[in-house]
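# A look at the structure
Take a look at the letters that make up each chain.
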Amino acid sequence: MILPIVAYGDPVLKKVGEDIDQNYPDLNVLIDNMFETMYNAYGVGLAAPQIGLPIRLFVIDATPFSEDEDLTAEEQDVLKGFKRVFINATIIKEEGEEWAFNEGCLSIPDVREDVYRKPKVTIEYLDENFQEKTEVFDGLIARVIQHEYDHIEGVLFTDKLSVLKKRLIKGRLANISKGKINVDYRMRFPAQKKKR
Ligand SMILES: [Zn+2]
């Protein structure tokens, strides 16, 4: 089932997510719905706060990035089919020289900005079977993980921009929160008068 994606301005996007356990109601259905919602919007990652749930859960499928022709065949192979569920994740290390990547977010349609992050992350998490994992990721996969991880910490990529950049996009962000935007997937806007 495709769920509405929460738009910029909704307080749920600012909350630090809570850990969940195996008794979380209908977790498998929720995870399936999150993948379906993400694919429908052509995203590579989706975090639970983006569908209105302040919990530490996000899903990633980096396959669309594998079509980037600037990458080596080896890099493409890593991205292709990289589909994961991250539950109760904690990033325990970020390493390397910060690099810029033009990020976007399904909760902030049509806004893309360069964001600086470190290239390598070590993350502890539980997979969809509640198996504990500790893994190291780099490149674009690390980037997607960092973006989604920020969501479960109540942080958006726009929070990481310079004061000047923030000022420049302020009006567009306000419009998004009011639903004054054309978007071809289902969204829920915080500042819109209730009607639907
Ligand atoms: Zn996002």
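My aim in this report is to walk through the structure given alongside it, one point at a time. Quick caveat, the model's predicted, so the values are computed rather than measured.

Here the focus is the coordination of the zinc ion. At this site the zinc ion is bound by C105 (SG), H147 (NE2) and H151 (NE2), with donor distances of 2.1 to 2.3 Å. On the primary sequence, the residues serving as donors to the zinc ion are separated as C-x41-H-x3-H. Residue H147 and its partner H151 are located together in helix α3 (residues 139-152), separated by 4 residues, close to a single helical turn. The same class applies to H147 and to H151, which are both buried.

Each pocket or cavity is described by its volume, and for the largest pocket that value is around 460 Å³. Lining the largest pocket are 26 residues; nearest its centre among them are G43, G104, C105, L106 and R112. Elements that contribute at least two residues to the lining of the largest pocket include exactly β5 (99-105), β6 (108-117) and α3. In terms of residue class, the lining of the largest pocket is built from 13 nonpolar, 7 polar and 6 charged.

On to the packing of aromatic side chains, then. For the coordinates displayed, the defined rule picks out 7 aromatic pairs. Taking 4.8 Å as the distance between ring centres and 15° as the angle between the ring planes, the aromatic pair formed by F58 and F86 counts as stacked. Here the residue F58 occupies a position in strand β3 (residues 57-61), and F86 occupies one in strand β4 (residues 83-95), the gap between them amounting to 28 residues. For the pair shown, F58 and F86 are each scored as buried. One aromatic cluster is present, built from ring pairs that chain together F58, F82, F86, Y125 and F137. In this structure, K83 packs its charged tip against the face of F35, placed 4.4 Å from the ring centre.

Positionally, G52 belongs in the loop between β2 (45-47) and β3. Under the relative-accessibility criterion, G52 is labelled partly exposed at 23%. Through-space distance from the C-alpha of G52 to that of L3 is 9.5 Å; in sequence the pair is 49 residues apart. Leaving out residues up to four positions away in the same chain, G52 has contacts with V6, V12 and R188.

Time to look at the sheet that holds β3. The strands that make up a sheet pair up through hydrogen bonds in the backbone, lying either parallel or antiparallel. An order of β2-β3-β4-β7-β8 is seen for the 5 strands of this open sheet, with the pairing classed as antiparallel. In this open sheet, the two strands that pair with only one neighbour each are β2 and β8 (132-138). Recorded for the sheet is a direction-independent mean angle of 40° between the axes of neighbouring strands. The sheet strands contacting helix α1 (residues 27-40) are β2, β3 and β4, and the helix crosses β3 at an angle near 45°.

Turning our eyes to something else, we now look at the pattern of salt bridges. Under the defined criterion, the tally for this structure stands at 11 salt bridges. We note a salt bridge from E135 to R84, for which the minimum N-O separation is 2.8 Å. One end of the pair, E135, is in strand β8; the other, R84, is in strand β4, and 51 residues separate them in sequence. When its relative accessible area of 26% is taken as the criterion, R84 is described as partly exposed. One connected set of salt bridges, linked through shared partners, spans E103, R117, R143, D150 and K160.

Thresholds applied
- Residues numbered from 1 in each chain as written.
- Predicted model: local features only at pLDDT ≥ 70, side-chain atom pairs only at ≥ 80, totals over all residues.
- Heavy atoms only, no water.
- Donors = N, O, S within 2.8 Å, 3.2 Å for Na, K, Ca; no water.
- Helix = DSSP H or I, 4+ residues; strand = E, 2+ residues; numbered from the N terminus.
- Buried < 20%, exposed > 50% of the residue type's maximum accessible area, 1.4 Å probe, protein only.
- 1 Å grid on protein atoms, 1.4 Å probe; cavity = no way out; pocket = protein on both sides within 12 Å on 5 of 7 lines; lining within 4 Å.
- Points joined across faces, edges and corners; volume = space filled by probe spheres on them.
- Nonpolar A, V, L, I, M, F, W, Y, C, P; charged D, E, K, R; others polar.
- Phe/Tyr/Trp six-rings, centres within 6.5 Å; stacked < 30°, edge-to-face > 60°.
- Lys NZ or Arg CZ within 6 Å of the ring centre and 35° of its normal.
- Contact = heavy atoms within 4.5 Å.
- Pairing = 2+ DSSP bridges.
- Axes fitted to C-alpha atoms, helices over the stretch in contact; angles between N-to-C directions.
- Salt bridge = Lys/Arg side-chain N within 4 Å of Asp/Glu carboxyl O.

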